[in-house]
Amino acid sequence: MSPLIPLGLTLAVLGLWLALRLVRETRARTAARAAFFDAVKPLFDGGETQLQPTGFPRMTGRRGGLSFDLQAIPDTLTFRKLPALWVLVSLPEPMPLGATLDLMARPSGNEPFTRFASLPQSLPTPPHLPREIAIRTDDAARVPLARLIADHADLFRDPRVKELVLSPRGLRIVILAEEADRGRYLIFREAEMGRTPLPPSRLEPLLDRLAVLRQDVLALKDHA
């Protein structure tokens, strides 16, 4: 019976080590997710951050006199090739638009961050946009001028840009911030994301683009 004692002790020590490692990893994951927008805070004049049930933050801040809203949305649905982390960059300001126009790259119909699939009308993709871009609206007769979309079509040259929304309630760009590590996901089904904060260099062009897009929308009203 005595040989069982060292084995029992070994198993107990191993169990304790695994438990401590799990605690450390959980704490590190929680801290990393909560700090996901920390690196971009200097881009704003003040701001507020509130943790969401996912552990990722939602941040609001002002830049150039405009109020922006940032959200990080994890998508771990199993039908995706890899789990993804989406970032929603919004300018929630009333716009002089009569309808919502939603441009989506490679829509699957199951994106967790959008109401694209619920918009009732589909529009043809104009030639200045990639064929992979689908367009939907809630009122085709009142969508913004085609010239406005043409002026910002280059946004989709970045393959990480997933969606552009223009609506009476504001403007939004959605990007793919990160995908789960393929090897660890396929072998261990581990979908850890958000360990590295969103870099300012990735966000700042999107903030500037939304500000320019806002000016272009307002100019349409002035020339109406």
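Please read these numbers as outputs of a predicted model, since none were measured by experiment.

Attention shifts here to the nonpolar core. Core analysis: the biggest nonpolar cluster contains 43 residues, and Phe37, Val40, Phe44, Leu103, Leu166 and Leu203 have the highest contact counts within it. Sorting the residues of this core by element identifies strand S3 (66-75), strand S4 (84-91), strand S5 (101-105), strand S7 (133-137), helix H2 (146-151), strand S8 (161-167), strand S9 (170-179) and helix H4 (200-222) as the ones contributing at least two each. Residue contacts for phenylalanine 37: discarding those within four places in its chain leaves Pro57, Met59, Leu70, Gln71, Ala72, Val87 and Leu198.

With respect to topology, nine strands assemble into an open sheet ordered S1-S2-S3-S4-S9-S8-S5-S7-S6, the strand pairing being antiparallel. The sheet terminates laterally at strand S1 (47-51) and strand S6 (121-123), the two strands that pair on one side only. Averaged over all pairs of adjacent strands, the angle between strand axes in this sheet comes to 20 degrees, irrespective of strand direction. Pairing of S1 with strand S2 (residues 57-63), which is carried by five bridges, proceeds in the antiparallel orientation. In the strand pairing of S2, glutamine 50 is matched with arginine 58.

The next thing to look at is the side chain of glutamate 163. Position of glutamate 163 relative to the elements: it lies in strand S8. Of the buried charged residues, glutamate 163 lacks a salt bridge, with arginine 172 as the closest side chain of opposite charge at 5.8 Å. Looking at glutamate 163, its side chain comes within polar contact range of the side chain of threonine 114, at 2.6 Å.

With that settled, the discussion passes to the pairing of S5. Within a regular beta strand, the side chains point alternately toward one face of the sheet and then the other, so they alternate between its two faces. S5 sits mainly inside the fold: five of its five residues count as buried. By the alternation rule, side chains of S5 split into Leu101, Leu103 and Ala105 and Asp102 and Met104, which are all buried. Pairing of S5 with S7 involves five bridges; the strand directions are antiparallel. Along S7, the bridge assignment pairs alanine 105 with isoleucine 133. With four bridges joining them, S5 and S8 adopt antiparallel strand pairing. Bridged to leucine 103 within S8 is leucine 164.

Rules of the game
Residues numbered from 1 in each chain as written. Predicted model: local features only at pLDDT ≥ 70, side-chain atom pairs only at ≥ 80, totals over all residues. Heavy atoms only, no water. Core = buried A, V, L, I, M, F, W, Y, C linked by side-chain atoms within 4.5 Å. Buried < 20%, exposed > 50% of the residue type's maximum accessible area, 1.4 Å probe, protein only. Helix = DSSP H or I, 4+ residues; strand = E, 2+ residues; numbered from the N terminus. Contact = heavy atoms within 4.5 Å. Pairing = 2+ DSSP bridges. Axes fitted to C-alpha atoms, helices over the stretch in contact; angles between N-to-C directions. Lys, Arg positive; Asp, Glu negative; His and termini not counted. Salt bridge = Lys/Arg side-chain N within 4 Å of Asp/Glu carboxyl O. Polar contact = N/O pair within 3.5 Å; in protein donor to acceptor, adjacent residues only side chain to side chain.

These values are about where atoms sit, not about what they do.
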